[in-house]
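Each chain is listed here by its residues.
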Amino acid sequence: LSRLAFKLKFDDSFEKFVSQLEKPLIIMGDFNVAVEEIDIARAKENEGNAGFTIEEREWMKRFRTMYIDT
């Protein structure tokens, strides 16, 4: 988790970049975030670990709703 602040800063910067692009978009890549408990093995044991922190999951849910699920 030593790089969590860096990752969250990147996520915010990426979101600002994407918001300036013309739509529709195709966004591909691996954000290394398991959003839902079903997305990761042993969800309860992994809560708070890299890729399954509340901050990462909330950002991805918001991003997905704004740009991917529409």
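Each remark here, short or long, concerns the structure printed above.
Just so it is clear, the structure is predicted and the values come from calculations on it, not from any experiment. (Residues numbered from 1 in each chain as written. Predicted model: local features only at pLDDT ≥ 70, side-chain atom pairs only at ≥ 80, totals over all residues. Heavy atoms only, no water.)

### Considerations on the environment of D12
- Looking at where D12 falls in the secondary structure, it is placed in helix α1 (residues 4–19).
- Taking C-alpha positions, D12 is 18 Å from I26, a pair spaced 14 residues apart along the chain.
- When neighbours within four sequence positions are excluded, D12 is seen to be in contact with W59 and R62. (Helix = DSSP H or I, 4+ residues; strand = E, 2+ residues; numbered from the N terminus. Contact = heavy atoms within 4.5 Å.)

### Here's the deal with the environment of T53
- Assignment of secondary structure puts T53 in the loop between α2 (43–46) and α3 (54–68).
- Under the relative-accessibility criterion, T53 is labelled buried at 4%.
- In this structure the C-alpha to C-alpha distance between T53 and R42, which are eleven residues apart in sequence, comes to 14 Å.
- Look past the residues within four positions of T53 in its chain and what remains in contact with it is L1, L4 and G48. (Buried < 20%, exposed > 50% of the residue type's maximum accessible area, 1.4 Å probe, protein only.)

### Focus on the nonpolar core
- V18, F31, V35, W59, M60, F63 and Y67 form the largest nonpolar core, which has seven residues in total.
- Per element, the largest residue contribution to this core is four residues, and it comes from α3.
- With residues near it in sequence (within four places) discarded, F31 still touches K7, D11, F14, W59 and M60. (Core = buried A, V, L, I, M, F, W, Y, C linked by side-chain atoms within 4.5 Å.)

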